[in-house]
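Here is how the chains run, residue by residue.
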Amino acid sequence: MALHNPDFTTDDDSWDNSSAEFEQRFQLGSGMTISVLFFFPYPTIHATFCSFLLEVCTLTTVLTAMNLTDFHDSALMKLEIGGPFVADINGQQTEEYIVVQISQTEDAGSRRRRQQQVVYNWSLPLSSRRNQQIITTRTFEILNRGTIFVNIQAFLPEPGSVPLSVKYQYLHASIETQVTIASIILVGVYVLIILEIVHRTLAAMLGSLAALAALAVVGERPSMVKVVEWIDYETLALLFGMMILVAIFSETGFFDYCAVKAYRYSRGKVWAMITILCLIAAILSAFLDNVTTMLLFTPVTIRLCEVLNLDPRHVLIAEVIFTNIGGAATAVGDPPNVIIVSKQELRRVGLDFAAFTGHMFVGICLVLLVSFPFLRLLYWNKKLYNKEPSEIVELKHEIYVWRLTAQRINPASREETAVKCLLLQKVLTLEILLRKKLRTFHRQISQEDKNWETNIQELQKKHRITDKILLIKCLAVLGCVILMFFLNSFVPGIHLDLGWIAMLGAIWLLVLADIHDFEMILNRVEWATLLFFAALFVLMEALAHLHLIDYIGEQTALLIKVVPEEQRLAVAIILVLWVSALASSVIDNIPFTATMIPVLLNLSKDPDVNLPMKPLIFSLAMGACLGGNGTLIGASANVVCAGIAEQHGYGFSFMEFFRLGFPMMTVSCTVGMCYLLVAHVVVGWNS
């Protein structure tokens, strides 16, 4: 039977038509068994692709066998199969499935060919809908120089057709070599960011380029279309839409008004105010996305600190830390929790929204009770007030804003050049005024303002709502957007992603506000932050293709298996939590969580290990969420907060965040670990 036909295409758009056409051409009678051999003696192209559709009429039928000989010095073989598989392969068990067997002879060069041995078995459950195509990939190690045989078997209860596409690829580096290369690239990116050799956006772009070059060297060359698909456009759309909303919102004077109100409710006590802000941020982030919470809180906090002559950096770092802690309390507060609850296999064993939230909520409450006193201890010797008087601080900030505005003007015409010169002259005049004030004005600021009631009256007169009509429009649109965020989490019938909701809200507010100076709004968007996330998504996906994340999960599972059975559960909880926390502080916690869930599921099903599943999953969630406080790029909310603060002239470095965030991560993970050990080892809360 000739299976290669030029009229048969395997594009996604023509999958249905080609399957039906091929089925009509090669309709087979019942009771026949089909065995087809593919022989590729000299595959010289980068990746070999074949597609076929066969009628299966017996319970077990060999669909195809491929004989691969010319792999030279390749260390790995990457096999990509497309077909009507279920979307969640690790979480589904069906009666219809196919088995891919990879076998190899011991020595291809010997005169007497030895019998081939099955090296790998790969089971793929089939979906009842034959017209859909799900592509799944797995990498196999080439053990010797013998011929590789790929046999694909289908197990069907009734006769039927199974359209499949097979693509194989040789990789020239072993898994250990690829993991080493990925680790070097990741360390290099962190060195660039920590030492501030280049901007963190450029560091992420250089790292993603190096990771793509490493993939090309080992033999896997993703196309431009594939690389673009790695970018999480939902997150970028959410960031862009909320940045537009906040930019218009800031024109109403609402942030200044909220800053004065927060100072009034704290009765002039700075630490009471910081505690209130952190607590509100933690509560909101339990139900909203962490990024959304920080996009709303960062401008308010910056304006509040400017009014009170506080250094916004320390307050912002405290807020974003508690935002990440609060997001771990519910199933919708942080992306790793969403990934865990959306797994069908975990839902079937009772790990649904209510059960997950109830368990995590208790632990996060304990973490918050310990974290607030520890934060006060970390800030014990830090001077939250600016060392200079507010007049000088505001003058310095004004100089920074004027200089930044002048730098953003592109002198394309004579008028623009004149405007830029005027702005630079303004900066020079302000700098002369600043030097005079520094020579003549000295003032010592007390740590607690005793005349806070007088200051409140002055601040209320100075900072008021400037545009009440625009404020009503902004509150209406923002209220609808936040309501849709809640409904999207709790009502499954809403088929709108968070990015779409934020974009629609931004467009709606632009129409209602009647914005004519659109470029002014676009200048408020943190383009460097958006580019950083796009480069980070490509970097993390490339590192995943270099098997870095899989390697971490496999080594964690091996360490758990070697522990004696009586201490295995306690060691597993400790190991999974801390590995997740440390890994999530240096890499994106979303692909790490998605990779670790199948590893932990297989570990819990292993009869030799004998571990309950829920403690492992809760340890993964606790570590992945709390680990984001470890470094500046450990969580999306950290990067967003740093970008907005930098735009306002109060940017903080990697090490400034690390000095506060990493100790907070260590303490919070320790409290979470103790809670899980008591709940699952002492009490036995495993059912």
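Keep in mind that this is a model prediction, so the values were computed, not measured.

Asks: Even after reading the chapter, I still don't get the overall build of the chain, so can you show me in this structure?
Replies: Secondary structure assignment for the chain yields 25 helices and 9 strands. In the chain, the share of contacts with a sequence separation of at least 24, taken over all contacts with a separation of at least 6, comes to 82%.

Asks: Help me out: how do you make sense of the packing of aromatic side chains in this one?
Replies: All chains considered together, the criterion is met by 11 aromatic pairs. Measuring from ring centre to ring centre gives 5.9 Å for Tyr-190 and Phe-654, while their planes differ by 85°; the resulting arrangement is edge-to-face. One end of the pair, Tyr-190, is in helix H2 (residues 175-194); the other, Phe-654, is in helix H25 (residues 654-682), and 464 residues separate them in sequence. This pair shows no difference in class: Tyr-190 is buried, exactly as Phe-654 is.

Asks: Would you take a moment to explain the pairing of strand E8 (residues 148-155) for this structure?
Replies: Along a regular strand, successive side chains alternate from one face of the sheet to the other. Most of E8 is tucked away, with 7 of its 8 residues classed as buried. Relative to E8, strand E5 (residues 97-104) runs antiparallel, the two being bridged by 8 bridges. Residue pairing across strands places Ile-98 opposite Ala-154, the latter belonging to E8.

Asks: How should I be thinking about the pairing of strand E9 (residues 160-171) in this particular structure?
Replies: Counting buried positions along E9 yields 11 of 12 residues, so the element is predominantly enclosed. Pairing of strand E4 (residues 76-83) with E9 involves 7 bridges; the strand directions are antiparallel. Each residue of the ladder has a partner; that of Gly-82, found in E9, is Ser-165.

Asks: Just checking my understanding: could you explain the pattern of salt bridges for this structure?
Replies: Side-chain pairing between opposite charges can occur once the charged atoms of the two side chains come close. Evaluation of the coordinates by the stated rule reveals 3 salt bridges. Residue Lys-78 is joined to Glu-220 by a salt bridge in which the shortest nitrogen-to-oxygen separation is 2.4 Å. Placement of Lys-78 in strand E4 and of Glu-220 in the loop between helix H3 (200-218) and helix H4 (224-229) is noted, with a sequence separation of 142 residues between them. You'll find Lys-78 and Glu-220 in the same group, each marked buried. Linking Arg-313 and Asp-311 is a salt bridge whose minimum nitrogen-to-oxygen distance equals 2.9 Å. Taking relative accessible area as the criterion, Asp-311 reaches 14% and is therefore assigned buried.

Asks: Could you clarify how one ought to interpret empty space enclosed by the protein in this entry?
Replies: Over the atoms a probe the size of a water molecule is rolled, and this reveals where empty space is left. Scanning the entire structure with this criterion turns up 1 cavity of 30 Å³ or more. Computed from the structure, the largest cavity encloses a volume of approximately 60 Å³. Every residue along the wall of the largest cavity is listed here: Met-77, Ile-102, Ser-103, Gln-104, Val-119, Tyr-120, Phe-140, Glu-141, Ile-142 and Ile-148. Residues belonging to the lining of the largest cavity are distributed by class as follows: 7 nonpolar, 2 polar and 1 charged.

Asks: What should I look at first to understand the environment of Cys-278 in this one?
Replies: With respect to the helices and strands, the residue Cys-278 is situated in helix H7 (residues 270-285). Separated by 44 residues in sequence, Cys-278 and Phe-322 place their C-alpha atoms 5.9 Å apart. Leave out the neighbours within four places in its chain, and Cys-278 touches Ala-318, Glu-319, Phe-322 and Phe-372.

Asks: Would you mind showing me how to read the packing of H7 against helix H8 (residues 290-308) here?
Replies: Between two packed helices, both the angle of their axes relative to each other and the distance between the axes serve to describe the pair. For the pair H7 and H8, the least separation of the axes is 10 Å and the interaxial angle reads 165°. What the angle tells us is that H7 and H8 run roughly antiparallel. Read as a crossing pair, H7 and H8 show a hand that is right-handed. Facing Met-273, Leu-277, Ile-280, Ala-281, Leu-284 and Ser-285 of H7, the residues of H8 in contact are Asn-290, Thr-293, Phe-297, Leu-304 and Leu-308. Of the residues that constitute the contact of H7 with H8, the class distribution is 8 nonpolar, 3 polar and no charged.

Reading the values: the criteria
- Residues numbered from 1 in each chain as written.
- Predicted model: local features only at pLDDT ≥ 70, side-chain atom pairs only at ≥ 80, totals over all residues.
- Heavy atoms only, no water.
- Helix = DSSP H or I, 4+ residues; strand = E, 2+ residues; numbered from the N terminus.
- Contact = heavy atoms within 4.5 Å.
- Phe/Tyr/Trp six-rings, centres within 6.5 Å; stacked < 30°, edge-to-face > 60°.
- Buried < 20%, exposed > 50% of the residue type's maximum accessible area, 1.4 Å probe, protein only.
- Pairing = 2+ DSSP bridges.
- Salt bridge = Lys/Arg side-chain N within 4 Å of Asp/Glu carboxyl O.
- 1 Å grid on protein atoms, 1.4 Å probe; cavity = no way out; pocket = protein on both sides within 12 Å on 5 of 7 lines; lining within 4 Å.
- Points joined across faces, edges and corners; volume = space filled by probe spheres on them.
- Nonpolar A, V, L, I, M, F, W, Y, C, P; charged D, E, K, R; others polar.
- Axes fitted to C-alpha atoms, helices over the stretch in contact; angles between N-to-C directions.
- Parallel < 35°, antiparallel > 145°, perpendicular 65-115°, else oblique.
- Left-handed = near helix turned anticlockwise from the far one by under 90°.

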